[in-house]
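Here's the letter readout for the chains.
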Amino acid sequence: MSDSLTFSTTRPLFGRVAVITGASRGIGAAIAISLAKAGAAVVINYLSNQARAEAVANSCRTYGSRAITVQADVTDFHAVERLIKTTANELGEPDILINNAGRARSALLLDTTEELWDELMDANLKAPFFCVKTVLPGMIKKHFGRIVNISSIWGISGGSYEVAYSASKGGLIALTKALAKELGPSGITVNAVAPGAIETDMLNDLTVDDLKQISEETPVGRLGTPEDVASVVLFLVSPGASFITGQIISPNGGLVI
Ligand code: NAP
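Note that the structure is predicted; figures quoted are calculated from it, not measured.

Notes on the site of the ligand
No. 1: The environment of the ligand is made up of 31 residues, and the closest members are Ser24, Arg25, Ser48, Tyr165 and Thr200.
No. 2: A distance of 2.7 Å separates an oxygen atom of the ligand from a polar atom in the backbone of Asn100.
No. 3: In the complex, the protein chains occlude 95% of the 910 Å² of accessible area that the ligand would expose alone.
No. 4: Its residues assigned to classes, the shell around the ligand comprises 14 nonpolar, 13 polar and 4 charged.

Here is the structure:
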């Protein structure tokens, strides 16, 4: 399918196959639903929460799109190969990859163990590398691909007590920019979305007072929703964004400008 302006305005992703990692809840679930609503066939990847992944798939199907769930730990290269092979067999070679699965943990640098460092780097940087490496042959063959990496504002500005998380998300931004240069000639765009504080399970460790303070420090006066992030991702994989690559877009309510 060519990425011309002849796309349907109501279902602009019809005919596309999208893999969304970590889509059983939070931001990934909202992205899966929004891409399905736009017509894409979607793969809802998850780590352990099968019931929630199935619920997201059912929501996607209500928009008339095909949706499957695939359990795979994206920090494991063989599991990623199985994820992409299952996608190709059941829905077709992926056109769209959203590297969303991730982990966050706060710790002072002196309290950051090698295990914690590796856990965050594996989930936030190595897993996207594995996923990109696995989908690329198919995308290069069809001379089309849309890759969106979910980074974080802390990957741009550095989060206090979050050196390892910030470094992993900053690394993902550098990966995005370098890969965009490498893949532009192959018809593949690579962009990153760097959200501010978004209301998901990932914020469960913060107190009510912490959340209130973040809302007050955010110029628009509230925390973000998963849908605030999903709408940016939808734009980046839509036909109207075909000239955008290597960019970092930050839905953060003005928290970092
Ligand atoms: P979340 O609510 O904690 O959900 C994490 C998702 O990732 C779940 O679907 C989980 O699956 C999956 N997952 C975790 N490790 C995985 C692995 N190794 N393999 C496959 N799936 C895995 O997180 P979120 O808040 O939606 O965050 C999504 C992304 O946005 C992350 O990359 C995060 O760093 C980034 N982000 C979040 C915020 C925020 O404020 N929430 C801000 C900036 C950036 P199970 O359900 O099966 O466990």
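Additional details are given in the paragraphs that follow.
Quick word on the nonpolar core
No. 1: One finds Ile20, Ile31, Leu35, Val42, Ile44 and Ile98 to be the most contacted residues of the largest nonpolar core, which totals 33 residues.
No. 2: Elements with a contribution of two residues or more to this core: strand E1 (17–20), helix H1 (26–37), strand E2 (41–46), helix H2 (50–61), strand E4 (96–99), strand E5 (145–150) and helix H8 (226–237).
No. 3: Considering every element that reaches this core, the biggest residue donor is H1, with 7 residues.
No. 4: Those residues in contact with Ile20 that lie beyond four places of it in its chain are Gly28, Ile31, Ala32, Leu35, Val42, Val43, Ile44, Asn45, Ile98 and Asn100.
No. 5: In this structure, Val74, Ile84, Leu97 and Val132 belong to the second largest nonpolar core, which totals 27 residues.

Here we look at the pattern of salt bridges
No. 1: Evaluation of the coordinates by the stated rule reveals 9 salt bridges.
No. 2: Residues Asp95 and Arg16 are paired through a salt bridge, measuring 3.9 Å at the closest nitrogen-oxygen approach. With a gap of 79 residues between them, Asp95 in the loop between helix H3 (77–90) and E4 and Arg16 in the segment before E1 connect regions that are remote in the sequence.
No. 3: We classify Asp95 as buried; its relative accessible area is 5%.
No. 4: The buried category is assigned to Arg16, whose relative accessible area is 6%.
No. 5: Across the pair Asp122 and Lys126 runs a salt bridge whose closest N-O atoms are separated by 3.6 Å. Of the two residues, Asp122 and Lys126 are both situated in helix H4 (residues 114–142); the distance of 4 residues between them amounts to about one turn of the helix.
No. 6: For Asp122, a relative accessible area of 25% translates into the label partly exposed.

Rules behind the numbers
Within each chain, residues carry numbers counting from 1 in the order of the written sequence. For a predicted model such as this one, the threshold for reporting local features is a pLDDT of at least 70, and the threshold for listing and counting side-chain atom pairs is 80 or more; totals across whole chains, interfaces and linings nevertheless cover every residue. Computation of side-chain values covers all heavy atoms of the structure but excludes hydrogens and water. For this purpose, a residue is taken to be near a molecule or strand whenever a single non-hydrogen atom of the residue falls within 4 Å of it. A 3.5 Å cut-off defines polar contacts: any pair of N or O atoms within that distance qualifies, except that in protein one atom must be a possible hydrogen donor and the other a possible acceptor, and neighbouring residues in sequence count only when both atoms are side-chain atoms. In these tables, accessible area is a Shrake-Rupley quantity obtained with a 1.4 Å probe, and a residue counts as shielded only by the protein chains included in the view. Residues are grouped as follows: Ala, Val, Leu, Ile, Met, Phe, Trp, Tyr, Cys and Pro are nonpolar; Asp, Glu, Lys and Arg are charged; all remaining types, including Gly, are polar. Definition of nonpolar core: a set of buried residues of the types Ala, Val, Leu, Ile, Met, Phe, Trp, Tyr and Cys, connected through side-chain atoms within 4.5 Å. Burial status follows relative accessibility: with a 1.4 Å probe on protein chains alone, a residue under 20% of its type maximum counts as buried, one over 50% as exposed, and anything between as partly exposed. Helix numbers and strand numbers start at the N terminus; a helix is a DSSP run of H or I with at least 4 residues, a strand a run of E with at least 2. Note on contacts: a residue pair qualifies if any of its non-hydrogen atoms lie within 4.5 Å across the two residues. Salt bridges are defined by distance alone: a side-chain nitrogen of Lys or Arg within 4 Å of a carboxyl oxygen of Asp or Glu.

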